[in-house]
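This is what each chain is made of:
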Amino acid sequence: MTNIIDGKAFAAKIRTEVKHDSDNLISQKSVEPCLAVVLVGENPASKVYVGAKTKMAAECNIKTKDYKLDDSTDQETLLKLIDDLNNDASVHGILVQLPLPKQIDERKVIDTITVEKDVDGFHAINAGRLSIGGEMLKKAFIPCTPLGSLLLLKDQVEDLKGKNAVVVGRSNIVGKPMSQLLIEESCTVTVVHSKTKDIESVCANADIVVVAAGRPEMVDGKWLKKGAVVIDVGINRIPVTKEDGSEGSKIVGDVDFASASEVASKITPVPGGVGPMTIACLLRNTVTSAYRHAGLEDPRSI
Ligand code: NDP
């Protein structure tokens, strides 16, 4: 029988650990972990995410500093704010909510955040440290969604070593870092993308399938090996017709849950799977950064 992975409950457990680590730092060193959250513009989804991050940070005894900038903000103004936050010793993590308005170069902004406060893990140096792995990985910040996906997998799969893993998607935010984390865990990793031929037959050999394609319900149960563990990162809003005939919408993943859950041994639902892990891992990275700034060892390893 398929086991549905409860990402909501696991994320709550991670946040309890984060609060514990934060409280320890406050009592031992009188340092209060602090996350600066920068939102540029009026993107409704971004506003919701930022609101959720601020609320959960408070629950974990992490201070937040919110900066809301106008849609027409120019790059120079944003870079100046980041520079100020880089130099503010009370700030341990800087999050610039993406996407940014088109007049701003995202890569330039990300690489202006000091590596030691890049709790999203998107800076080129943090990406390099993850890619090199080993001791370098211990200095890195790992992007929150792949980190959350890996923590879920480690909780569910006794030994990842030697497992065949397929990652669907090769974005810098999810697919690429996910594949590197799985390599570090000694999985045999195949990355597929929109130009891959015959993805189905690649997935057919996979013990683990992590899907981050941004294509609603793309991966069908027929593609999967019996007993595979499936991590669905996708978040897609699709239109639906309600029972009363009116038009509405619902959130689905990149995996067809109905057919996949017939075949998989374990699977994350959407919503309630990877989604809650992303914010939990952002808070985890922020507290890790505060420990590093205080000259202490990381409170948790991967
Ligand atoms: P991107 O659009 O940046 O990347 C999508 C990747 O999927 C690309 O590598 C693309 O290939 C590949 N792809 C697209 N179509 C296909 C296809 N038909 N077959 C195989 N591969 C395909 O998306 P993200 O990585 O940012 O996000 C992926 C999904 O994860 C989205 O649904 C997003 O909403 C969700 N997400 C969820 C988060 C969470 O907190 N749970 C956080 C971040 C994202 P190519 O490179 O060739 O174009």
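Heads up: the structure comes first, above all this text.
All of the points below concern the structure found in this document. (Residues numbered from 1 in each chain as written. Predicted model: local features only at pLDDT ≥ 70, side-chain atom pairs only at ≥ 80, totals over all residues. Heavy atoms only, no water.)

As a matter of local geometry, the ligand sits amid 21 residues, with Arg 170, Ser 171, Ser 194, Ile 235 and Thr 278 nearest to it. Between an oxygen atom of the ligand and a side-chain N or O atom of Ser 194, the distance comes to 2.5 Å. At a separation of 3.3 Å, a nitrogen atom of the ligand approaches a polar side-chain atom of Arg 215. Its free accessible area being 930 Å², the ligand has 71% of it covered by the protein chains. Its residues assigned to classes, the shell around the ligand shows eight nonpolar, 10 polar and three charged. (Near = heavy atom within 4 Å. Polar contact = N/O pair within 3.5 Å; in protein donor to acceptor, adjacent residues only side chain to side chain. Areas by Shrake-Rupley, 256 points an atom, 1.4 Å probe, with all protein chains shown as cover. Nonpolar A, V, L, I, M, F, W, Y, C, P; charged D, E, K, R; others polar.)

A few words now on the sheet that holds strand E5 (residues 164-168). Taken together, the six strands give an open sheet; going across it, the order is E1-E11-E8-E7-E5-E6, and neighbouring strands pair in parallel fashion. Each of the sheet's edge strands pairs with one partner strand only, and the pair in question is strand E1 (3-4) and strand E6 (188-192). Relative to the sheet, helix H7 (residues 144-156) contacts E1, strand E7 (208-211), strand E8 (229-232) and strand E11 (266-267), its axis offset from that of E8 by approximately 160 degrees. In the packing of helix H8 (residues 175-184) onto the sheet, contacts are made with E5, E6 and E7, and the angle to E5 comes to roughly 170 degrees. (Pairing = 2+ DSSP bridges. Helix = DSSP H or I, 4+ residues; strand = E, 2+ residues; numbered from the N terminus. Contact = heavy atoms within 4.5 Å. Axes fitted to C-alpha atoms, helices over the stretch in contact; angles between N-to-C directions.)

The next subject is the packing of H7 against H8. Running from N to C, H7 and H8 cross one another at 35 degrees; their axes reach a closest spacing of 9 Å. Judged by the sense of rotation from one axis to the other, the crossing of H7 with H8 is right-handed. For the pair H7 and H8, contact is made by Pro 146, Leu 147, Ser 149, Leu 150 and Leu 153 and by Pro 177, Met 178, Leu 181 and Leu 182, respectively. Broken down by class, the residue content of the contact of H7 with H8 amounts to eight nonpolar, one polar and no charged. (Left-handed = near helix turned anticlockwise from the far one by under 90°.)

Looking now at the side chain of Ser 179. With respect to the helices, strands and loops of the structure, Ser 179 is situated in helix H8. Reaching out from Ser 179, the side chain makes a polar contact with the backbone oxygen of Lys 176 at a distance of 2.7 Å. For Ser 179, the contacting residues outside a window of four places in its chain are Val 167, Val 189 and Val 191.

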